[in-house]
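Each chain, written out:
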Amino acid sequence: MYDDLESRILEMIRERSMIADGDTGIVAVSGGADSVCLLHILNDLGRERGLRLKVVHVHHGIRGEEADRDADFAAGLAAELGIPCKVIFTDIPKLAEEQGMSLEEAGRIERYRILREEKEKEGAAWIALAHHLDDRVETVIFNMLRGSGLRGLRGILPVQGDLIRPLISVERSEIEAWLRARDISWCEDSTNQDTEYTRNRIRHRIIPEMLKVNAGAKEHILRLAEDAEQRYEVIRAEAAALLGEAEVSGSEIFIPDNIFEKCTSSDVEEELLLQVLGTLAGRRKDISERHVVSLCELRGNDTGKRVSLPYRLEGIRSYEGLLVRKTGDAKEKEGHSSKKLQILRRAYIPGEEVPRDEKTVMIDADSLRGEPVLRTPEEEDRIVIDSAGHTKSLKRFFTDRKIAAHLRDSWPVVSDDNGVLWVVGLRLSEHCKITESTRETVILSIGVEKQERGGLWM
């Protein structure tokens, strides 16, 4: 017969479809009360439902002998229950220094990487983590203080992809009481009392004050998180569908204006931009509401305006939408062409059909001054637009043709000593076109050596 705590945990597992009969699962065990409780609960459930469990303990290379004690305890507990265990050592201080992260953030990222690596090795269905109700409440408060929107108000989720959190509906105090009643020991992490960590300050200072104001504060915050979770899922799904319509090219994402017009609310637009930033950065930490707001405001600015964003990203307003890209990759592309100019000289045959595709043009050889070269646009570039010799700046030409601002700097042009001959895929200069007096022609053709991105000329 299950007691109240066990019944609530099993109900959470059932309600969220966390576990299926016969599953293989990874259980993250730190040695603390919550993970010890989790392992015992899953072990008992495993006997009933044919689960195959494996314990993984990550030793962060921090806290010296105390960390060694935790690793030994986790391995000993797993052996006592007859569950295979793997203790993995990693140097978090070194990783944090190399990546420019806090110990807390580096530890979290590396821990999840290791757990997922073990999951793949075992062919496991899920990774069980021991986050509980208090963790979720603390996370909601933490996210509020950071300026998060609806997404942050969800706090830690019961199920997040391959991560499951069976204890998310029970409090820390209940877990410890359950362990004491069964004479089950656990390890105390001394850093949990260190109020230099933001989460610990929330746990030991802010929440106790909130409970003085209202004894039901935690339950109210939990209800808020659950409501936010339901509302956010609708918004997330809509934004994800719209992101699927955007132009994604490796290190940049272009969202046309017509996609923004499909957003049913400002929440969907903001979530779409969050997903764009998260996709390019590979994470969402340090991406806050103000960065999303800056992108929203950029949409109302003039073409060519930019904003700097975390993780060396930038947003650029174009005629047709919004570009978000990695600035390092943008600089790497400047002045570089992955295309090769092929030049063929030949006599002109009157009546011959002149090539009119996007990759090949035929020009009058006598119009050339020097050898044609393939390059990217320069500030002073102009193109001849009529037989009278009138010219137009390439800047104005791109504007008139409504070419997105983010494409202009890398758009290929062919020029000679006198200037632009051909804006590839768009226009041939009037002064070098074939006429009745043409005697010799030059065929210019663009070939691709190494494809890096799509375009009219590829």
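Model, not experiment: these values are computed from the prediction. (Residues numbered from 1 in each chain as written. Predicted model: local features only at pLDDT ≥ 70, side-chain atom pairs only at ≥ 80, totals over all residues. Heavy atoms only, no water.)

Our focus in this paragraph is the sheet that holds strand 8 (residues 252-256). One key point about sheets: their strands pair by backbone hydrogen bonds, in either a parallel or an antiparallel sense. Spatial ordering of the open sheet is given by 7-8-11-10-9, a layout of 5 strands whose pairing is antiparallel. At either margin of the open sheet sits one strand with a lone partner, and together these are strand 7 (247-249) and strand 9 (306-309). Between one strand axis and the next, the sheet turns by 15 degrees as a mean value, whatever way the strands run. As paired strands, strand 9 and strand 10 (residues 313-317) are joined by 4 bridges and run antiparallel to one another. The residue of strand 10 that forms the bridge with Val 307 is Gly 315. Lying over the sheet, helix 13 (residues 289-298) contacts strand 9, strand 10 and strand 11 (321-326), oriented at roughly 170 degrees with respect to strand 9. (Pairing = 2+ DSSP bridges. Helix = DSSP H or I, 4+ residues; strand = E, 2+ residues; numbered from the N terminus. Axes fitted to C-alpha atoms, helices over the stretch in contact; angles between N-to-C directions. Contact = heavy atoms within 4.5 Å.)

It is worth spelling out helix 12 (residues 266-281) at this point. In this model helix 12 runs 22 Å from its N-terminal to its C-terminal C-alpha over 16 residues, within 8% of the 22 Å that 1.5 Å per residue would give. The element helix 12 is extensively covered by neighbouring structure, given that 12 of its 16 residues are classed as buried. When helix 12 is considered as a whole, its buried residues turn out to be Val 268, Glu 269, Glu 271, Leu 272, Leu 273, Leu 274, Gln 275, Val 276, Leu 277, Gly 278, Leu 280 and Ala 281. Backbone geometry just downstream of helix 12 places Gly 282 in the positive-phi region, at approximately 85 degrees. (Expected span 1.5 Å × (residues − 1). Buried < 20%, exposed > 50% of the residue type's maximum accessible area, 1.4 Å probe, protein only.)

This next bit is on the environment of Glu 226. Inspection of the secondary structure assignment puts Glu 226 in helix 10 (residues 217-243). By relative accessible area, which is 33% here, Glu 226 ends up partly exposed. Through-space distance from the C-alpha of Glu 226 to that of Leu 394 is 54 Å; in sequence the pair is 168 residues apart.

Our focus in this paragraph is the side chain of Lys 119. With respect to the secondary-structure elements, Lys 119 resides in helix 5 (residues 103-122). With near-sequence residues (within four places) excluded, Lys 119 lies in contact with Ile 26, Ala 124, Ala 125, Trp 126, Ile 127 and Asp 162.

For Val 55, the position within the fold is in strand 2 (residues 52-59). On the basis of relative accessible area, Val 55 is assigned to the buried category, the value being 0%. Counting along the chain gives 36 residues from Val 55 to Ile 19, while the straight-line C-alpha distance between them is 16 Å. Residue contacts for Val 55: discarding those within four places in its chain leaves Val 27, Val 29, Leu 39, Ala 78, Ile 83, Pro 84, Cys 85 and Lys 86.

With respect to topology, 4 strands assemble into an open sheet ordered 14-17-18-19, the strand pairing being antiparallel. In the strand order of this sheet, the two ends are held by strand 14 (373-375) and strand 19 (427-428), each with one partner.

Moving on to the packing of helix 2 (residues 33-49) against helix 3 (residues 64-81). Taken N-terminus to C-terminus, the directions of helix 2 and helix 3 make an angle of 15 degrees; their axes are 12 Å apart at the nearest point. Regarding the angle of helix 2 to helix 3, the classification is roughly parallel. The interaxial crossing formed by helix 2 with helix 3 has right-handed handedness. Here Val 36, Leu 39, His 40 and Asn 43 of helix 2 lie close against helix 3, whose contacting residues are Phe 73, Leu 77 and Leu 81. A per-class count over the contact of helix 2 with helix 3 returns 5 nonpolar, 2 polar and no charged. (Parallel < 35°, antiparallel > 145°, perpendicular 65-115°, else oblique. Left-handed = near helix turned anticlockwise from the far one by under 90°. Nonpolar A, V, L, I, M, F, W, Y, C, P; charged D, E, K, R; others polar.)

Bringing the pattern of salt bridges into the picture now. In the structure shown here, the tally under the stated rule is 45 salt bridges. Here Glu 105 and Arg 108 are joined by a salt bridge, their closest N and O atoms 3.2 Å apart. One end of the pair is Glu 105 and the other is Arg 108, both in helix 5 and 3 residues apart, which spans about a single turn. With a shortest N-O distance of 2.8 Å, Asp 134 and Lys 218 are connected by a salt bridge. Residue Asp 134 is found in helix 6 (residues 133-146), and its partner Lys 218 is found in helix 10; the two are separated by 84 residues along the sequence. Of the residues examined, Asp 134 reaches a relative accessible area of 7% and is grouped as buried. Because the salt bridges share partners, they merge into one network encompassing Arg 52, Lys 54, Lys 86, Glu 110, Arg 113, Glu 117, Glu 118, Lys 121 and Glu 122. (Salt bridge = Lys/Arg side-chain N within 4 Å of Asp/Glu carboxyl O.)

What follows is about the nonpolar core. The biggest cluster of nonpolar side chains holds 38 residues, and the ones touching the most others in it are Ile 13, Ile 19, Cys 37, Leu 39, Leu 42, Leu 167 and Leu 179. At the level of elements, helix 1 (4-15), helix 2, strand 2, helix 3, strand 4 (126-128) and helix 8 (172-181) are the ones that each hand at least two residues to this core. Considering every element that reaches this core, the biggest residue donor is helix 2, with 8 residues. Setting aside residues no more than four positions away along its own chain, Leu 39 makes contact with Val 27, Val 29, Val 55, Leu 77, Leu 81 and Ile 83. Judged by nonpolar contacts, the second largest core, of 27 residues, contains Leu 272, Leu 273, Leu 277 and Val 307. (Core = buried A, V, L, I, M, F, W, Y, C linked by side-chain atoms within 4.5 Å.)

The next subject is the state of the cysteines. Enumeration according to the criterion identifies 0 disulfides in this entry. Here Cys 37 is not disulfide-linked; the sulfur of Cys 187 is the nearest cysteine sulfur, at 15 Å. Exposure remark for Cys 37: the relative accessible area of 0% places this residue in the buried category. No disulfide involves Cys 85; its sulfur sits 12 Å from that of Cys 187, the nearest cysteine. Assessed through its relative accessible area of 29%, Cys 85 is described here as partly exposed. (Disulfide = S-S within 2.5 Å.)

Here we come to the packing of aromatic side chains. The full count for this structure, using the stated rule, is 2 aromatic pairs. With centroids separated by 5.9 Å and ring planes inclined at 55 degrees, the aromatic side chains of Phe 397 and Phe 398 adopt a geometry described as tilted. The rings of Phe 397, Phe 398 and Trp 411 are connected pair by pair, giving a single aromatic cluster. The ring centre of Phe 142 lies 5.2 Å from the NZ or CZ of Arg 199, which sits over that ring. Against the face of Phe 260 rests Arg 299, its NZ or CZ located 4.0 Å from the ring centre. (Phe/Tyr/Trp six-rings, centres within 6.5 Å; stacked < 30°, edge-to-face > 60°. Lys NZ or Arg CZ within 6 Å of the ring centre and 35° of its normal.)

Before going further, it helps to examine unusual backbone geometry. With a phi angle near 55 degrees, Asp 183 is a residue other than glycine that sits in the positive phi range. Overall, the relative accessible area of 74% leaves Asp 183 in the exposed class. You will see that Arg 312, though not glycine, has its phi angle at about 55 degrees, which is positive. Residue position: Arg 312 is located in the loop between strand 9 and strand 10. Residue Arg 312 is classed as exposed on the basis of its relative accessible area of 66%.

Purely geometric stuff here, so don't read any function into it on its own.
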